[in-house]
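# Working through the structure, step by step
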Amino acid sequence: MTKTSNFDADKLRALLRRQKIATMEELKEALGAKGDATIFRKLKELSYYSSYSDRGRYYTAKDVAEFNDLGLWTCRSVHFSRYGTLVATTEAFVNQAEAGYFAEELMSILGVDAKDALRNLVQKNRIFREKVAGRYLYCSCDRTRQKGQLAAREIEQQQGRIQRERVDKDLT
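Report follows, based on the coordinates. (Residues numbered from 1 in each chain as written. Predicted model: local features only at pLDDT ≥ 70, side-chain atom pairs only at ≥ 80, totals over all residues. Heavy atoms only, no water.)

Bringing the packing of aromatic side chains into the picture now. The tally for this structure, following the rule as stated, stands at 6 aromatic pairs. Taken together, a centroid distance of 6.4 Å and an interplanar angle of 40 degrees make the contact between Phe 40 and Tyr 48 tilted. Ring centres 5.9 Å apart and planes at 75 degrees place the aromatic pair Phe 40 and Tyr 59 in the edge-to-face group. One end of the pair, Phe 40, is in helix α3 (residues 36-46); the other, Tyr 59, is in strand β3 (residues 58-61), and 19 residues separate them in sequence. By the ring-pair criterion, three or more aromatic residues cluster together here, those being Phe 40, Tyr 48 and Tyr 59. (Phe/Tyr/Trp six-rings, centres within 6.5 Å; stacked < 30°, edge-to-face > 60°. Helix = DSSP H or I, 4+ residues; strand = E, 2+ residues; numbered from the N terminus.)

Now the structure itself:
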């Protein structure tokens with residue numbers, strides 16, 4: 001019999017169904033365990049997510065998370081993603097974006113600052129960035145996808161200018 005066979009993952013499941021999310025300390029208390037490794041083994045049995053906000057401090061079970069169409073879920077101001085970490089989520093969002101993303105746009109969607117994740121991904125050549133209208137636009141590294149994203153952003157920029165010109169005319 002192994003050490004962790006004394007601990008029942010159903011105790012973690014019950015806690016997470018009741019609270020939806022929990023910290024490592026709360027999970028240890030519920031299981032009566034002292035080590036992080038034991039908790040991670042039991043979480044793995046449940047299939048779990050860690051938060052991409054709050055330094056990954058919170059955990060939830062896969063069957064508890066209520067992801068929206070974007071694959072995001074927020075519980076008590078703690079953010080989770082179907083993609084996992086902030087870096088993985090940022091990469092997925094940039095690669096799937098129709099017109100790429102500016103950092104502020106991602107921050108608005110994700111609810112956290114993604115600048116460090118963006119910088120990290122650019123440095124590792126996992127995403128591409130280009131200056132557009134004085135700001136960095138983050139796009140896919142796939143050349144075909146990237147060209148489509150840049151073209152879509154250019155159209156958006158032009159439409160935005162036309163809208164502003166119309167508003168300016170209406171105000172005068």
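Continuing now.
Per the stated rule, a full pass over the model turns up 11 salt bridges. Of the charged contacts in the structure, one is a salt bridge between Arg 135 and Glu 104, with a shortest N-O distance of 2.6 Å. Remark: Glu 104 occurs in helix α5 (residues 103-110) and Arg 135 occurs in strand β8 (residues 135-140); sequence separation between them is 31 residues. A salt bridge links Arg 153 to Glu 105; the shortest N-O distance between them is 2.9 Å. Of this pair, Arg 153 sits in helix α7 (residues 143-171) while Glu 105 is found in helix α5, placing the two residues 48 residues apart along the sequence. A relative accessible area of 5% means that Arg 153 is categorised as buried. Through salt bridges with shared partners, a single network forms among Glu 25, Lys 28 and Asp 36. (Salt bridge = Lys/Arg side-chain N within 4 Å of Asp/Glu carboxyl O. Buried < 20%, exposed > 50% of the residue type's maximum accessible area, 1.4 Å probe, protein only.)

We now examine the state of the cysteines. Tallied over the entire structure, the rule returns 0 disulfides. Free cysteine Cys 139: the closest other cysteine sulfur is in Cys 141, separated by 9.5 Å. (Disulfide = S-S within 2.5 Å.)

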